[in-house]
Amino acid sequence: SAHDPAYLFTRSTQAIMYNWKPLPVQRMLDFDYLCQRPTPSLAALVSPGTQKGNHKVFFGPSEIMIPVYATVQAAAQAHPDATVFINYASFRSAYESSDQALDEPTLQTVVIVAEGVPISDVRRLIAKAARNHKVIIGPATVGGIQAGAFKIGDTAGMMDNIVACKLYRPGSVGFVSKSGGLSNELYNILSKTTDGLFEGISIGGDVFSGSTFVDHALRYQNIAEIKMIVILGELGGDNEYGIGMSRSLNLTHC
């Protein structure tokens, strides 16, 4: 499944984080350790304008060093196995750094956390991602999670919530939402009413999303481990109509 485009993440997926902040970095590594991943999910950090260095973090009881680079290109070239780009840049600079990530052949999934990225910038990024056969999650997203495998930044909140929702091991539900906060509530409900989450994605709350409900639902249909697809819609958009109108989705309820 590592080379199957349906799977954005696996237990060996690694990411590069841009304009990183210590808390989401450590939360990702704590999740890795909880899931007993053999390798950390963060390969490198990018801090624009700095000299190459290292950032000390905890991986369970051990201290490890994650390399820090000045540019996206340098990080991607030094860590060709990293396939996910997690962008914590502000709305002012998210376009430039995301555009650079889409140029790197090894980076397949670009996650844009910032809210309020100009619509013209987002549409240009969406068009470029389509040309390059890449996936954008966001903007205005908390990211996503594959249970027991890989977590983006602050997705799913604090460790007690992750444990309560059994996100340290995979279930059978593919979940898509616009809202990151409501995702946490749904992970809780799913853990009580099903065998739990396999993967959850927050597509982001801005006007244009780099990927849609339909994009992820179609992808979930090609993941053998996913037996049920759950979509949490919101008033005010046409994403939900796309689900209902898609002839490629085998839906029993809509």
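The paragraphs below set out a description of the structure included in this document. What you are looking at is a predicted structure, and each value in this text was computed from that prediction instead of being measured.

Topologically, A164 is positioned in helix 5 (residues 159–164). What makes A164 partly exposed here is its relative accessible area of 46%. Remark: the alpha-carbon pair of A164 and S191, spanning 27 residues in sequence, is separated by 8.1 Å.

The next subject is the packing of aromatic side chains. Aromatic rings in a pair are described by how distant their centres are and how their planes are angled relative to each other. Evaluated as defined, the whole model comprises four aromatic pairs. Measuring from ring centre to ring centre gives 5.0 Å for F9 and F150, while their planes differ by 20°; the resulting arrangement is stacked. Taken together, the residues F9 in the segment before strand 1 (15–18) and F150 in strand 9 (residues 150–151) connect sequence positions 141 residues apart. Judged by relative accessible area, F150 falls into the buried class, the value being 0%. With 5.7 Å between their ring centres and 75° between their planes, F175 and Y187 make a pair best called edge-to-face. Separated by twelve residues along the polypeptide, F175 in strand 10 (residues 173–177) and Y187 in helix 6 (residues 180–193) bring together distant segments of the chain. Comparing F175 with Y187, the two get one shared label, buried. The aromatic ring of Y95 is capped on one face by R124, whose charged end is 4.4 Å from the ring centroid.

All right, on to the nonpolar core then. One finds F9, M17, V25, L42, I86 and F150 to be the most contacted residues of the largest nonpolar core, which totals 35 residues. Listed by contribution, the elements that provide at least two residues to this core are strand 1, helix 1 (22–34), strand 2 (42–46), strand 3 (53–59), strand 4 (62–69), strand 5 (84–87), strand 11 (197–202) and helix 7 (213–220). Per element, the largest residue contribution to this core is four residues, and it comes from helix 7. Other than its neighbours up to four places away in sequence, F9 contacts V84, I137, Q146, F150, I152, E199 and I201. One finds A82, A114, V122 and I136 within the second-largest nonpolar core, a separate group that totals 25 residues.

What counts and what doesn't
- Residues numbered from 1 in each chain as written.
- Predicted model: local features only at pLDDT ≥ 70, side-chain atom pairs only at ≥ 80, totals over all residues.
- Heavy atoms only, no water.
- Helix = DSSP H or I, 4+ residues; strand = E, 2+ residues; numbered from the N terminus.
- Buried < 20%, exposed > 50% of the residue type's maximum accessible area, 1.4 Å probe, protein only.
- Phe/Tyr/Trp six-rings, centres within 6.5 Å; stacked < 30°, edge-to-face > 60°.
- Lys NZ or Arg CZ within 6 Å of the ring centre and 35° of its normal.
- Core = buried A, V, L, I, M, F, W, Y, C linked by side-chain atoms within 4.5 Å.
- Contact = heavy atoms within 4.5 Å.

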